[in-house]
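# Fold and geometry: a report
What follows is the residue order along each chain.
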Amino acid sequence: MKVEQISIFMENKPGSLENVTRILKDADINIRTLSLADTSDFGILRLIVNDVDAAKKVLKENGFTVSRTTVIAVEVPDQPGGLHRIMSVIAAQNINVDYLYAFVEKSGENAVIIFRFNDPDAAIDVLQKNNFTVLSGEKLYSF
Amino acid sequence: MIYNEDFETLPREVLETLQLKRLQQVLQKAYHTVGFYKKSFDAAGLRPDDIKNLSDMGRIPVTTKKDLVDNYPFGLFAVPMSNIVRLHASSGTKDHAAVVGYTKRDIETWSELMTRCFVAAGLTKNDVIHNAFGYGLFTGGLGVHYGAERLGASVIPISGGNTKRQLMILQDFGPTTLCSTPSYALNLAEHGRAAGVDMRSLKLRVGIFGGEPWSDTMREQLEETFDIKALNIYGLTEVMGPGMSIECIEGRNGMHVFEDHFIVEIIHPETGEVLPPGEQGELVFTTLTKEAFPLIRYRTRDLSRFIMEPCRCGRSHIRIDRITGRSDNAFSIRGVTVYPSQIEAVLKGIKELGPRYQLIVDRVGTMDTLEIQVEVNEKILSDSGEVKVLQNIEKLIAKDMKDELGISVKTKLVEPNSLQHLEGKVERVIDRRNIWPSEQ
């Protein structure tokens with residue numbers, strides 16, 4: 001139930017992001033969601049795309065440092081307390097969140113939270129036991 | 001003023017006769033006591049008694065920093081350890097450090113030469129010397145210290161660092177002379193200004209600056225800032241340390257090399273041939289009187305030229321011009337010589353980096369800075385895609401560099417293939433300090 005994220009190393013300078021988005025546009029790859037973690041000098045761009053293999057290939061061909069990272073996507077109703085419900089079961093198991101980002105599905109009813117946990121297997125286990133919807137890669141990429 | 005008038009003003013022919021006699025002695029000694037020299041002379045088909053004139057110097061094989069490192073730690077010592085009273089070393093770990101030893105007499109010689117420097121700078125026993133050169137394995141601190149004591153001056157062994165305290169002592173102890181790297185002196189002045197100290201009203205009247213290359217523009221700046229006369233001193237740990245040469249206060253143009261103790265040559269950095277007087281090239285030193293660590297034709301990699309005109313101070317010893325660069329990629333920063341190979345060795349040990357890197361040397365305010373830009377590779381993202389992993393690598397580089405070089409550096413991770421290429425090669429060192437703006 002893990003999904004794949006593309007992580008790209010980028011210097012923090014004008015034109016860096018533009019370069020990535022152009023490469024993806026030219027390869028006809030759609031970005032489902034993204035987040036950017038940055039310091040003053042560099043950042044890591046994290047992308048969920050509709051075609052992981054093609055995105056990685058085309059970015060590598062263009063000289064980027066790219067890796068695939070496994071993350072977990074959890075679907076919750078887009079309403080107050082949605083994220084909190086997840087966090088309370090995760091915290092109870094003493095699982096740490098390395099990072100997370102989110103988007104709202106097209107229907108507008110559900111939000112999808114992308115998590116990187118320090119212990120992904122334990123996280124999936126506890127989330128499923130508590131009846132959360134952990135999305136598969138196919139489902140997520142095709143939203 | 002001249003400390004040892006007999007030797008410092010010897011007529012040229014007498015000086016050269018003395019040099020030849022001492023050279024012949026040191027060659028015999030080195031050949032018969034240090035395996036390295038026997039091997040290198042034999043390989044060149046040369047015997048010590050083949051050298052009949054100073055003009056034969058060019059036939060003697062040169063010694064390089066690598067030879068010193070290869071013989072780490074004591075391989076080039078010419079006396080047993082029981083006769084050694086002091087050890088010093090150049091910066092860097094095993095793969096880059098040169099270790100030097102001194103007999104009791106070597107320390108006396110060194111002290112005398114350093115005293116000559118102080119007297120050339122116009123100092124007497126009435127002076128108070130603030131010595132901000134680092135004490136320790138680096139020769140700067142102790143070298144200056146012994147000369148100051150021999151002169152009978154009062155020496156403040158403050159060493160480097162702790163700028164606040166240095167400012168306090170500069171005000172309260174009233175030193176008349178400041179010994180430090182020129183950039184540290186400017187740094188002191190900057191801190192002083194910030195703290196409301198009027199640097200011009202301190203009792204300082206002379207600054208003796210060395211350990212890194214500097215310019216006449218900096219001289220003006222230092223003289224203006226402190227209201228002092230600023231003098232250039234040059235020496236290398238490998239050859240002896242500070243005290244090998246200094247500008248006299250009368251001339252303030254080029255550094256007299258104490259030629260009764262050293263032979264200095266200038267060679268072409270690529271062909272190795274001895275250059276005609278006045279031409280720019282690499283300084284090569286031979287020690288004439290050192291017992292523990294005689295050094296024959298040591299290639300310093302420092303570029304300079306001879307100033308041929310006689311000096312108004314009356315010394316007959318030749319002058320060398322300011323160091324204007326290096327014939328290798330090494331550079332000097334905060335008194336420490338840094339070799340790109342040292343940095344490369346550290347970077348190679350970290351699998352997420354490389355292969356390309358670039359070193360940016362700059363001057364921010366009055367402090368020299370070193371930024372290491374290094375390209376990352378795939379492995380840097382292999383695991384979680386977390387930023388802190390990358391930040392930890394930056395910290396690791398900074399720590400390893402501090403251990404290796406002894407100075408703090410800034411590291412910057414950059415994208416693969418992003419470093420400037422020059423004819424297919426990355427330019428290793430970019431020095432933005434612009435030390436010699438008006439020259440060449």
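Just so it is clear, the model here is predicted, and its values are computed rather than measured.

Each helix and strand counted, chain A has 5 helices and 7 strands in total. Along chain A, helices (α) and strands (β) appear in the sequence β-α-β-β-α-β-α-β-β-α-β-α when read from the amino end. Burial statistics for chain A: of 143 residues in total, 47% are counted as buried. Of the contacts formed within chain A by residues at least 6 apart in sequence, a portion of 70% connects residues at least 24 apart. About 6,800 Å² of surface is accessible on chain A, with carbon and sulfur atoms providing 46% of the total. Taking the average location of the 15 positive side-chain charges in chain A and that of its 19 negative ones, the two points are 2 Å from each other.

Our focus in this paragraph is the interface of chain B and chain A. If you look at the interface, chain B gives 23 residues, while chain A gives 23 residues. With both chains or domains summed, chain B and chain A bury close to 1,900 Å², and 55% of this area falls on carbon and sulfur atoms. It is Glu378(B), Leu381(B) and Glu415(B) that lose the most area in chain B upon contact with chain A, and together they represent 33% of the buried surface on that side. The interface formed by chain B and chain A holds 2 salt bridges in total. Measuring nitrogen to oxygen at the nearest pair gives 3.4 Å for the salt bridge that ties Lys60(A) to Glu378(B). Where chain B touches chain A, the interface holds 4 residue pairs in polar contact (both at pLDDT 80 or more). Every element with two or more residues in the side of chain B that touches chain A is listed here: helix 11 (387–405) and strand 20 (410–414) of chain B. Residue composition of the side of chain B that touches chain A, grouped by class: 8 nonpolar, 7 polar and 8 charged.

All names here are of chain B. Tracing the chain through its elements places Ser180 in strand 5 (residues 177–180). Looking at Ser180, the relative accessible area reads 0%, which means it is buried. When neighbours within four sequence positions are excluded, Ser180 is seen to be in contact with Ala132, Phe133, Ala185, Ile208, Phe209 and Gly210.

Now for helix 2 (residues 12–33) of chain B. An ideal rise of 1.5 Å per residue puts 32 Å on 22 residues; helix 2 of chain B measures up with 31 Å between its terminal C-alpha atoms. Buried residues along helix 2 of chain B sit against helix 1 (5–8), helix 3 (35–43), strand 10 (262–267) and strand 11 (281–287) of chain B.

On to the domain arrangement of chain B. All names here are of chain B. Under the domain assignment used here, chain B contains domain 1 (5–328) and domain 2 (336–431). Computed from C-alpha coordinates alone, the two centres of domain 1 and domain 2 are separated by 32 Å. With 14 residues of domain 1 at the interface, the matching set in domain 2 holds 12 residues. Both sides together, the interface formed by domain 1 and domain 2 hides about 1,100 Å², and carbon and sulfur atoms give 46% of it. Of all residues in domain 1, the largest losses of buried area upon contact with domain 2 belong to Ser91, His96 and Ser183, amounting jointly to 35% of the total for that side. Where domain 1 touches domain 2, the interface holds 0 salt bridges. Where domain 1 touches domain 2, the interface holds 1 residue pair in polar contact (both at pLDDT 80 or more). Of the residues in the side of domain 1 that touches domain 2, the class split is 2 nonpolar, 7 polar and 5 charged.

Turning to the domain arrangement of chain A, a few remarks are in order. All names here are of chain A. Parsing chain A into structural domains produces domain 1 (3–69) and domain 2 (72–137). Opposite the 10 residues of domain 1 that make contact, domain 2 presents 11 residues. Between domain 1 and domain 2 lies a buried interface of about 790 Å² when both sides are counted; carbon and sulfur atoms form 62% of it. Counting the surface domain 1 buries against domain 2, the share from its top three residues, Val3, Thr33 and Arg46, is 56%. Between domain 1 and domain 2 we count 0 salt bridges in total. Across the contact surface, domain 1 and domain 2 share 2 residue pairs in polar contact (both at pLDDT 80 or more).

Since there are 3.6 residues in each turn of an α-helix, residues three or four apart along the chain are aligned in direction. Residues and elements named next belong to chain A. When we look at burial in helix 4 (residues 120–129), the residues that qualify are Ala123, Ile124, Val126 and Leu127. On the buried face of helix 4, the contacting elements are strand 4 (66–77), helix 3 (82–92), strand 6 (110–117) and strand 7 (133–135). Directly beyond the C-terminal end of helix 4, a positive phi value near 65° is found at Asn131.

For the rest of this paragraph, the subject is the pattern of salt bridges. Residues and elements named next belong to chain B. In the structure shown here, the tally under the stated rule is 43 salt bridges over all chains. Two residues, Glu265 and Arg297, come together in a salt bridge whose shortest N-O distance is 2.9 Å. Placement of the pair is Glu265 in strand 10 and Arg297 in the loop between strand 11 and strand 12 (298–304), with a sequence separation of 32 residues. The two residues Glu265 and Arg297 agree in class, both being buried. Each of Glu8, Glu112, Arg116, Asp260 and Arg315 takes part in salt bridges that share partners, so that together they form one network.

Procedures and definitions
Along each chain, residues carry numbers from 1 onward, in the same order as the chain's sequence is written. Think of it this way: whatever chain is written first is A, whatever ligand is written first is 1, and the rest follow in order. Totals for whole chains, interfaces and linings use all residues, but because this is a predicted model, local features are given only for residues with pLDDT of at least 70 and pairs of side-chain atoms are given and counted only at 80 or more. Heavy atoms throughout the structure, all of them, feed into the side-chain values; hydrogens and water do not. Put simply, DSSP H or I for four residues or longer makes a helix, DSSP E for two residues or longer makes a strand, and each gets a number counted from the N terminus. Three labels apply to residues, based on accessible area from a 1.4 Å probe with only protein chains included: buried if under 20% of the type maximum, exposed if over 50%, partly exposed otherwise in between. Whether two residues are in contact is decided by their heavy atoms, any of which lying within 4.5 Å being enough. Accessible surface area values rest on a Shrake-Rupley calculation with a 1.4 Å probe, where residue burial reflects the displayed protein chains alone. The charged-residue count follows a simple rule in which Lys and Arg add positive charge and Asp and Glu add negative charge, with His and chain termini not counted at all. Every charge is mapped onto a representative atom, which is NZ of Lys, CZ of Arg, CG of Asp or CD of Glu. We define buried area as the total accessible area lost by two parts upon association, computed with a 1.4 Å probe and summed across both. Here, a salt bridge means any Lys or Arg side-chain nitrogen found within 4 Å of an Asp or Glu carboxyl oxygen. We define a polar contact as two N or O atoms separated by no more than 3.5 Å, with the added condition that, inside protein, one atom must be a possible hydrogen donor and the other a possible acceptor, whereas residues neighbouring each other in sequence contribute only through side-chain atom pairs. Here the term charged refers only to Asp, Glu, Lys and Arg, the term nonpolar to Ala, Val, Leu, Ile, Met, Phe, Trp, Tyr, Cys and Pro, and the term polar to all other amino acids, Gly among them. Multiplying one less than the number of residues by 1.5 Å gives the expected span of a helix. Residue ranges assigned to the domains are those given by an automatic or database domain assignment.

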